[in-house]
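# Remarks on the overall topology
Residues per chain, in single letters:
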Amino acid sequence: MSKGRTWRNGTLVYTAGGLAVLFLWLMWGDFAYSMKDRATGTVAALMLKKFDVSDFLFGIIMISFPNFTNIFLCPIVSYRSDRHRGRFGRRIPYLLLTTPFIVIGLAGLGFTPLLARLIRQAVGAEHISYNLTALLVFCFFWIILDFGTTLAGAIFNALATDVVPTEFLGRFFAMFRAVSLGCAFLFNYFVMGCAETHALVIFLGLAALYGIGLFSICLKVKEGEYPPPEAETSGPPTVKGAVRTYFRECFSLPYYRWVIMASVVSGFSVVPFNIYGIFYAKSLNMDMDFYGKVSSLICLVSFVLSFFLGWFSDRFHPIRTGMVSMALQTVILFIGGRIATTESVFAWLFLVQGISIMSYNTLMASYAPRLFPREYFAQFNSAMMLINALASVIGAPLVGKFLDLTGNHYPHLFTIGGVIGLCGLGCFVMVYRGYQRYGGDSGYIAPAPTV
């Protein structure tokens, strides 16, 4: 960055120093968000399994329900956020609104065992079992947490896209990935071993960190000015009209349908393993502290690689880098399905495929910001989250049921992922054709949605 040079994003103008300050505040907020994101699922999963739930029910509670709410909440908040105009911007008010829900949900999960014992004592031990009471308390706070997380997830990346200059998007989102991987390393190396015994302390720490981090960026990050939304000239839309506009704009062009499907299908290739992989390890009698150490090594290697992968993504475009990395991931998954039947082989496959998918996620981090229309980014990104949610709602419990029916033969997780990965590669081919049609490297312009 040369001295005296400036960079723009809409009405926002940055010097090198201003850009550095922006990055630092966003990285701090992302640290709080990522630490919550990385730790919550694992600790909650281990807690939930203590209540004697099947893999099928586990998939419904942990995966299907949150993604079911994504189907309805993400489109609504994204559509409204893109069209909101206020003194604090169009993204920050929504982030500020969601933070208390997440803090309360995290704290409540930590107190689940204590609250379950108190409620059971009040109701009468003969009337309700501890596992059922704990499951109900867990689900109550899981719903609160999910509500806040769903809305925050729809807005956080949109805020970054609105304030970061386009030429830095690949490297910036790679830095986001680096922070996320750093959080995963810290959790898996230092905390994973005690996740089953110190859930209360972990959840309370996450609640405090998230509350401080997200309130900080809401105060310190400033949005620019936006042109007036179309609704201001044509009157406020009805609910039916807004829904019709949303789906017409997001899905009418075949190109955007392929953009969404390539990301969703390819990303879903590793979801079966991500959901049930920890139980795969336990079925092979792998110590959870060792599992955490392998996970931390994956994150450490991926953290180092992320600084180079961000440059590769900017240089060669996330479509190309995503295709290559997904092809490699698919090969690894098929190999894993054949040979990962012992603890030592599983550990090596877990390491290799973990680094592979982490690299894919980093290379793809700027995929949506580079391809979707910037003025409607949150809306289009939410459409991609909506389809991803539908896939998770249907796919996660089906995988769990399949495992239950096959005697929990967890190597199937790799094979299922490999088949899905092949389908994702086919979708990427269609995206690349559309990308070239709309200008390619020399002058890509995101096609205007059908109005």
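Residues numbered from 1 in each chain as written. Predicted model: local features only at pLDDT ≥ 70, side-chain atom pairs only at ≥ 80, totals over all residues. Heavy atoms only, no water.

Let us now look at a nonpolar patch on the surface. A cluster of nonpolar side chains, contributed by Leu297, Leu300, Val301, Phe303, Val304, Leu305, Phe307, Phe308, Trp311, Phe312 and Phe316, occupies part of the molecular surface with about 970 Å² of accessible area. By the secondary structure assignment, valine 301 is in helix α12 (residues 288-316). (Patch = residues over 30% accessible without salt bridge, like charges linked within 9 Å, V, L, I, M, F, W, Y side chains within 5 Å. Areas by Shrake-Rupley, 256 points an atom, 1.4 Å probe, with all protein chains shown as cover. Salt bridge = Lys/Arg side-chain N within 4 Å of Asp/Glu carboxyl O. Helix = DSSP H or I, 4+ residues; strand = E, 2+ residues; numbered from the N terminus.)

Bringing the state of the cysteines into the picture now. Enumeration over the complete set of coordinates arrives at 0 disulfides. Free cysteine: cysteine 194, not disulfide-bonded; nearest cysteine sulfur from cysteine 299 at 16 Å. (Disulfide = S-S within 2.5 Å.)

Take the side chain of glutamate 223 next. For glutamate 223, the location among the structural elements is in the loop between α7 (199-220) and α8 (231-234). Here glutamate 223 sits buried without a salt bridge, and the closest side chain of opposite charge, arginine 90, lies 4.9 Å off (N-O distance). In this structure the side chain of glutamate 223 is engaged in a polar contact, spanning 2.9 Å, whose partner is the backbone nitrogen of arginine 91. In this structure the side chain of glutamate 223 is engaged in a polar contact, spanning 3.0 Å, whose partner is the backbone nitrogen of isoleucine 92. (Buried < 20%, exposed > 50% of the residue type's maximum accessible area, 1.4 Å probe, protein only. Lys, Arg positive; Asp, Glu negative; His and termini not counted. Polar contact = N/O pair within 3.5 Å; in protein donor to acceptor, adjacent residues only side chain to side chain.)

Following the sequence through the fold, glutamate 375 ends up in the loop between α15 (367-371) and α16 (377-405). Note on glutamate 375: relative accessible area 47%, which makes it partly exposed. Sequence-wise, glutamate 375 and aspartate 82 are 293 residues apart; in three dimensions their C-alpha atoms are separated by 7.4 Å.

Applying the stated criterion to the full structure yields 3 salt bridges. For arginine 90, the salt bridge is made with aspartate 162, and the minimal N-O distance between the two is 3.0 Å. Separated by 72 residues along the polypeptide, arginine 90 in the loop between α2 (55-83) and α3 (92-110) and aspartate 162 in helix α5 (residues 130-163) bring together distant segments of the chain. Each member of the pair, arginine 90 as well as aspartate 162, carries the same accessibility label: buried.

Now for helix α1 (residues 16-49). When the terminal C-alpha atoms of α1 are compared, their 49 Å separation across 34 residues agrees well with the 50 Å that a helix rising 1.5 Å per residue should span. At threonine 40, α1 shows its largest bend, some 30 degrees. (Expected span 1.5 Å × (residues − 1). Bend = angle between axes of the 7 residues up to and from the residue.)

The phi dihedral of asparagine 285 falls on the positive side, at around 60 degrees, and the residue is not glycine. Take asparagine 285: it is sitting in the loop between α11 (271-283) and α12. On the accessibility criterion, asparagine 285 (67% relative accessible area) is exposed.

Right, let's get into the side chain of serine 216. Mapped onto the fold, serine 216 is located in helix α7. There is a polar contact of 3.4 Å between the side chain of serine 216 and the side chain of tryptophan 28. Each residue touching serine 216, except ones within four places of it in the same chain, is listed here: Trp25 and Trp28. (Contact = heavy atoms within 4.5 Å.)

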